[in-house]
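Below, each chain spelled out in residue letters.
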Amino acid sequence: AEKTQFYNAYANFYQGNYQMSSYLFQSFYATYNNSPFAEEAYYMYAYSMYKDTPPYNLDQTNTITAIDALQTFINSYPDSKYSDNCSRNLQDLRERLERKAYEKAKLYFKTRDPSWGGLSNYLASVVTIENFKKDFPDSRYNEELSAMQITAQYELADLSLFNKQRERYTETLTFYEKFVDKYPNSKYIKDLEKYYDKSQKGLEKVAEIEKKIEELKKQAEEEKEVK
């Protein structure tokens, strides 16, 4: 019975029935965890999950499940002959998640124009890119996305209501300064300099308006006291 279940799981795997083979290998491991086939069965469960994962542009729920299965196998059998294969599979899946997140961030940037839904898309672009950088700090896409983030942040500040502009222009300057520190020789710096300069001018304009508002408030208070 033990061998029959084990070979049945393999039969489904070689027929390309990866969901069924992952289920059968997992069931075998749960039933016969002291079997000489147990380690191989758990690996094949994880590998079947890997084979069942979709391309990066589709829903990645199965990918996350497969990552958990592969990582659990490595943790459980660190010296296994299958560990190297698991590590390669993990790398592939993580790159798939990275590509998915990258394309999502780019899509928000491409659709940031108000005609696509207003200021929310500018803000979504900035936030999505920031989340990407936190999730994938060593990604090869970070330089490109950081440049997009500066552009979107400036445009968000420029189109914002007055009471939001100081904070958002300042954030643009902060993003730019961090970018220059991290990528001093970037091909994007020349294009981004204009957003840095415009943000400084925007802050100056905000300061002038704030000064006028304070003067008007003071004048109104003085007139009130006279009356």
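What you see is a predicted model; the values in this text were computed from it and never measured. (Residues numbered from 1 in each chain as written. Predicted model: local features only at pLDDT ≥ 70, side-chain atom pairs only at ≥ 80, totals over all residues. Heavy atoms only, no water.)

**Structural notes on the pattern of salt bridges**
And step 1. Scanning all chains against the criterion turns up 4 salt bridges.
And step 2. R96 is the salt-bridge partner of D92, the closest N and O atoms lying 2.7 Å from each other. Here R96 and D92 lie together in helix 5 (residues 83-110), a separation of 4 residues that amounts to about one turn.
And step 3. Two residues, E130 and K133, come together in a salt bridge whose shortest N-O distance is 3.6 Å. A residue pair is termed a helical-turn pair when its members lie 3 or 4 positions apart in one helix, as E130 and K133 do in helix 6 (residues 119-135) at 3 residues.
And step 4. A residue is classified by how much of its surface remains accessible, and E130, at 26% relative accessible area, is partly exposed.
And step 5. With relative accessibility at 22%, the residue K133 sits in the partly exposed group. (Salt bridge = Lys/Arg side-chain N within 4 Å of Asp/Glu carboxyl O. Helix = DSSP H or I, 4+ residues; strand = E, 2+ residues; numbered from the N terminus. Buried < 20%, exposed > 50% of the residue type's maximum accessible area, 1.4 Å probe, protein only.)

**Side note on the environment of E215**
And step 1. Mapped onto the elements, E215 comes out in helix 9 (residues 189-226).
And step 2. Look at E215 and you get partly exposed, because its relative accessible area is 44%.
And step 3. Once the C-alpha coordinates of E215 and E98 are considered, the two residues, 117 residues apart in sequence, prove to be 52 Å apart.

**Some points on helix 2 (residues 18-31)**
Helical periodicity: at 3.6 residues per turn, an α-helix aligns residues three or four positions apart in one direction.
And step 1. With 14 residues, helix 2 extends 20 Å from end C-alpha to end C-alpha; this agrees with the ideal 20 Å at 1.5 Å per step.
And step 2. For helix 2, the complete set of buried residues consists of S21, S22, L24, F25 and F28. For helix 2, the buried positions fall inside an angular range of 165 degrees around the axis, keeping them on one side. Relative to its buried face, helix 2 has exposed residues pointing more than 90 degrees away, namely Q19, Y23, A30 and T31.
And step 3. Summarising the contacts, the buried residues of helix 2 are in contact with helix 1 (2-14) and helix 3 (38-51). (Expected span 1.5 Å × (residues − 1). Arc of directions from axis to C-beta. Contact = heavy atoms within 4.5 Å.)

Don't take any of this as a statement about function, it's just geometry.
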